[in-house]
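Coordinate inspection notes
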Amino acid sequence: MTEQSYLDGNMLDGPLREVFAMDVSAATGRCASCGATGPMAGLRVYSHAPGLVARCPACAEVMLRLVRGPDRAWLDLRGTTFLQVPLPPDPLPR
Ligand SMILES: [Zn+2]
């Protein structure tokens, strides 16, 4: 049996809360590589890279990278086709 070397995607909540004003781990994302769609909390997060690397649980391709510098952050979502974000109902329907 191999030791699990990644963390649950729920750990992205704190680091991404600095960048977004919402809980991204509650969002649904689609993998650009295999098309799997699922909760961002289900990603496999590797924290022993420079920054955080979150991989698709279906195909293991990178969906998200986040690097935190002293005064800025770099977010790479090129492996994610979309993020579907839950929102409260729009009070002013368009
Ligand atoms: Zn995938």
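Data block above holds the structure.
For the structure given in this document, a descriptive report is provided here. Remember, it's a predicted structure, so these values are computed and weren't measured experimentally. (Residues numbered from 1 in each chain as written. Predicted model: local features only at pLDDT ≥ 70, side-chain atom pairs only at ≥ 80, totals over all residues. Heavy atoms only, no water.)

**Examining the packing of aromatic side chains**
Per the counting criterion, the structure on display carries 1 aromatic pair. Between Tyr6 and Tyr46, the ring centres sit 5.7 Å apart and the planes meet at 55°, which makes this aromatic pair tilted. Taken as a pair, Tyr6 in the segment before β1 (7-8) and Tyr46 in strand β4 (residues 44-49) lie far apart in primary sequence, 40 residues in all. (Phe/Tyr/Trp six-rings, centres within 6.5 Å; stacked < 30°, edge-to-face > 60°. Helix = DSSP H or I, 4+ residues; strand = E, 2+ residues; numbered from the N terminus.)

**Structural notes on the pattern of salt bridges**
Counted according to the given criterion, the structure contains 3 salt bridges. Two residues, Arg65 and Asp76, come together in a salt bridge whose shortest N-O distance is 2.9 Å. A residue pair is termed long-range when its members are at least 10 positions apart, and Arg65 in strand β6 (residues 62-68) and Asp76 in strand β7 (residues 73-76) qualify at 11 residues. Residue Arg65 is classed as partly exposed on the basis of its relative accessible area of 34%. Asp76 sits in the buried class, given a relative accessible area of 16%. The salt bridge partner of Arg72 is Asp71, with a shortest N-O separation of 3.1 Å. Taking the relative accessible area as the measure of exposure, Asp71 reaches 58% and is therefore exposed. Here the salt bridges share partners, and the residues they tie into one network are Arg65, Asp76 and Arg78. (Salt bridge = Lys/Arg side-chain N within 4 Å of Asp/Glu carboxyl O. Buried < 20%, exposed > 50% of the residue type's maximum accessible area, 1.4 Å probe, protein only.)

**Observations regarding the coordination of the zinc ion**
Protein ligation of the zinc ion involves Cys31 (SG), Cys34 (SG), Cys56 (SG) and Cys59 (SG), the donor distances falling in the range 2.3 to 2.4 Å. Taken together, the 4 donor atoms surrounding the zinc ion define angles of 104 to 112° at the centre, an arrangement classified as tetrahedral. Positions of the donor residues of the zinc ion along the chain correspond to the pattern C-x2-C-x21-C-x2-C. Linking Cys34 in the loop between β2 (28-31) and β3 (37-39) with Cys56 in the loop between β5 (51-55) and β6, this pair joins segments that are 22 residues apart in sequence. (Donors = N, O, S within 2.8 Å, 3.2 Å for Na, K, Ca; no water. Tetrahedral: all angles 85-135°; square planar, octahedral: opposite > 155°, others 65-115°.)

**Remarks on the sheet that holds β2**
Spatially, 3 strands are ordered β3-β2-β8 in an open sheet, and the strand pairing comes out antiparallel. Of all the strands in the sheet, the pair left with one neighbour each is β3 and β8 (80-84). Sheet twist, expressed as the mean angle between neighbouring strand axes with direction ignored, is 25°. Sheet analysis places β2 next to β3, joined by 3 bridges and oriented antiparallel. From the neighbouring strand, Thr28 faces β3, where its bridge partner is Pro39. (Pairing = 2+ DSSP bridges. Axes fitted to C-alpha atoms, helices over the stretch in contact; angles between N-to-C directions.)

**What about the environment of Thr28?**
Along the chain, the position of Thr28 falls in strand β2. Residues Thr28 and Gly38, spaced 10 residues apart in sequence, show a C-alpha to C-alpha distance of 5.3 Å. When near neighbours in sequence (up to four residues on either side) are disregarded, Thr28 contacts Thr37, Gly38, Pro39, Phe82, Leu83 and Gln84. (Contact = heavy atoms within 4.5 Å.)

Honestly, that's just the spatial picture; any functional story needs more than this.
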